[in-house]
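Architecture at a glance
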Amino acid sequence: MTDQELIDQLKKGNENCLQQLYQHMGMVKSWVGQNNGNEDDALDVFQEAIIVFYKNVMAGNYELRSKISTYLFEISKRQWLNQLNRRKKYENRQSEVGIYESINPEITRKGPNLREYLEKALAKVGEPCKSVLEATIFLGMRMEDIAERFNYSSARSASQQKLRCLQKLRGEVSYDVIIRLK
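Residues numbered from 1 in each chain as written. Predicted model: local features only at pLDDT ≥ 70, side-chain atom pairs only at ≥ 80, totals over all residues. Heavy atoms only, no water.

**Brief notes about the overall build of the protein**
Put simply, the rule is: Helix and strand assignments follow DSSP, with helices taken as H or I runs no shorter than four residues and strands as E runs no shorter than two, numbered in order from the N terminus. For the exposure calls, accessible area comes from a 1.4 Å probe over protein chains only, and a residue counts as buried if that area is under 20% of its type's maximum, exposed if over 50%, partly exposed in between. Throughout, a contact is declared for two residues whenever any of their heavy atoms are within 4.5 Å. Each accessible area value is a Shrake-Rupley result obtained with a 1.4 Å probe; residue values ignore everything except the protein chains displayed when judging cover.
Assigned secondary structure in the protein consists of eleven helices and zero strands. For the protein, buried positions account for 36% of its 182 residues. Long-range contacts, defined as pairs at least 24 residues apart, comprise 62% of the intrachain contacts of the protein with a sequence gap of at least 6. Of the accessible surface of the protein, which amounts to about 10,800 Å², a share of 47% is contributed by carbon and sulfur atoms.

And the structure:
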């Protein structure tokens, strides 16, 4: 299907043709991987790019001046660079104040072992998950504020990201280990 045919199909309401866009994800994966990201990061920014593309097509704000793959790559690239900038800003703020000591004294009351265990688990899930989980769990931020702070398209997107991050964190945490910590 040509780019113009894809746009025509979308305008007719055929959202199934969006699946065809995933053939262009390889270049995004490669670029994100070369710029401090992983495959999950690439998938997240590429999906956000598809959403932006779709919204622009449906609103009549998209003009076919270049290939759709180029458009998606540029959006993905911008999204990833924004995430990297947010991470850097957030990491700088967190290095100034130890997040666990300043925000959740209950964790520190259970001892340094639990705090260290949770810090390691959060570090393993990586960014942006670590920052999103800290903002929602420890800072108690609302999803609307998370969406704005981390540049997600909506509170729903932020909530979905939080759920994906919680799933990653659950994979890193063993409740048996937590129970045995002092």
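**Let's talk about the nonpolar core**
Applied cut-off: Residues enter a nonpolar core if they are buried and are Ala, Val, Leu, Ile, Met, Phe, Trp, Tyr or Cys, with the set joined through side-chain atoms within 4.5 Å.
One finds L21, F53, I68 and L72 to be the most contacted residues of the largest nonpolar core, which totals 23 residues. Secondary-structure elements contributing two or more residues to this core are α1 (3-11), α2 (25-34), α3 (39-59) and α4 (68-96). Excluding residues within four positions of it along the chain, L72 makes contact with L21, H24, F46, A49, I50 and F53. Listed in part, the eleven residues of the second largest apolar core include L122, C129, F138 and L166.

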